[in-house]
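# What the coordinates show
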Amino acid sequence: MKKLLSNIKIEIPEGIYLKDPESSTLGKKIIEHSIILLEEIGFEDFTFKKLGNSIGSNESSIYRYFESKHKLLMYLTAWYWGWIEYQLVIETYSITNAKEKLKKAVEVVTKTTEQDNNYSHINEELLYTIIINENSKSYYTKGVDQDNKEGFFTPYKRTVQRIAEMITDYNPKYKYALSFASNLLEGALHQHFLKLHFKSITSCNSKTTPTDFYTDLTFKTLVNAK
């Protein structure tokens, strides 16, 4: 099962891209180097001109794949959440105990990301840094409702729903499974951000991880829920 899933392509909602970057060598190069450049200089300073210079290609060639840098960021965040969803499937499919399954799910979505060699043109560690710093910029826009209608956030929403189902399996009486699941995903990113940039306002550090915090919070909340 794990070997099978590791070879599955991460599906990105159509409409985010003009041409599937997975379909060509140049497209994969655009994705690979956009991750490197975004992690290095941030979304605000990132431009297709700078990306073109880094890959030795014309700026216009990048526009054949993405109409804007915002769509490129949406592609990267959609890929990340699709990849996380597959990790959830891989890591939990054989676990039958509801508590252990949820515990593993919390670990998957809160731990520090490590490199996955199944996708050679995507550095998941660098991408995770981008997600921590830039994820909200993919949907905190005036066009979010239309983007949502187009299905651009489906991988993210599906990941939330999977975790919510595990919460309900563990405690069917808990009324706020979706809210808790979405808070878990966003909160974990925020704690990693605080750990990196605002160390004085988080209990997470080199010894206490966001996984430790959210595992404790999850089960103390759900055990006491009626």
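As shown above, the structure is provided for reference.
Each chain has its residues counted from 1, running along the sequence as written. Reporting in this predicted model follows two pLDDT cut-offs: at least 70 for local features of residues, and 80 or more for side-chain atom pairs to be given and counted; totals over whole chains, interfaces and linings ignore these cut-offs and use all residues. To get the side-chain values, take all heavy atoms of the structure and skip hydrogens and water.

It is worth spelling out the layout of surface pockets at this point. When its volume is computed, the second largest pocket comes out at roughly 230 Å³. Cavities and pockets were defined on a 1 Å grid built from protein atoms only: a cavity is a group of points that admits a 1.4 Å probe but offers it no way out, a pocket is an open group of points flanked by protein on both sides within 12 Å along at least five of seven lines, and a lining residue is one with an atom within 4 Å of any such point. Around the second largest pocket sit Ile131, Ile132, Asn133, Glu134, Asn135, Ser136, Tyr139, Tyr140, Glu186, Leu189, His190 and Phe193, which together line it. Secondary-structure elements contributing two or more residues to the lining of the second largest pocket are helix H7 (124-134) and helix H10 (177-197). For the lining of the second largest pocket, the per-class residue count stands at six nonpolar, four polar and two charged. Grid points are joined across faces, edges and corners, and a volume is the space filled by probe spheres set on the points. Comment: elements are numbered from the N terminus, with helices defined as DSSP H or I runs of at least four residues and strands as E runs of at least two. Nonpolar residues are Ala, Val, Leu, Ile, Met, Phe, Trp, Tyr, Cys and Pro. Charged residues are Asp, Glu, Lys and Arg, and all others, Gly as well, are polar.

A few words on empty space enclosed by the protein. Summed over all chains, the structure comprises one cavity of 30 Å³ or more. Of the voids in this model, the largest cavity is the one considered here, and its volume is about 80 Å³. Ile16, Met74, Thr77, Ala78, Trp81, Asn135, Ser138, Tyr139, Phe152, Phe153, Pro155 and Tyr156 are the residues that line the largest cavity. Those elements that place two or more of their residues in the lining of the largest cavity are helix H5 (69-92) and helix H9 (154-170). No other element matches the four residues that H5 contributes to the lining of the largest cavity. Partitioning the lining of the largest cavity into residue classes produces nine nonpolar, three polar and no charged.

Turning to its location among the elements, Glu165 is positioned in helix H9. Given the relative accessible area of 52%, Glu165 is considered exposed. C-alpha of Glu165 to C-alpha of Ala181: the two residues are 16 residues apart in sequence and 9.1 Å apart in space. With a 1.4 Å probe rolled over the protein chains alone, any residue whose accessible area is under 20% of its type maximum counts as buried; one over 50% counts as exposed, and the rest are partly exposed.

This paragraph deals with helix H3 (residues 48-55). Burial in H3 covers these residues: Phe48, Leu51, Gly52 and Ile55. Relative to the axis of H3, the buried residues are bounded by an arc of 100° and lie together on one face. Set apart from the buried face of H3 by more than 90 degrees, the exposed residues are Lys49 and Asn53. At its buried positions, H3 is contacted by helix H2 (25-41), helix H4 (59-63) and H5. Two residues or fewer after H3 comes Gly56, characterised by a positive phi angle close to 65°. Taken from the helix axis, the directions to the C-beta atoms give the arc we talk about. By definition in these notes, contact holds between two residues if any of their heavy atoms fall within 4.5 Å.

Structural measurements only, silent on function.
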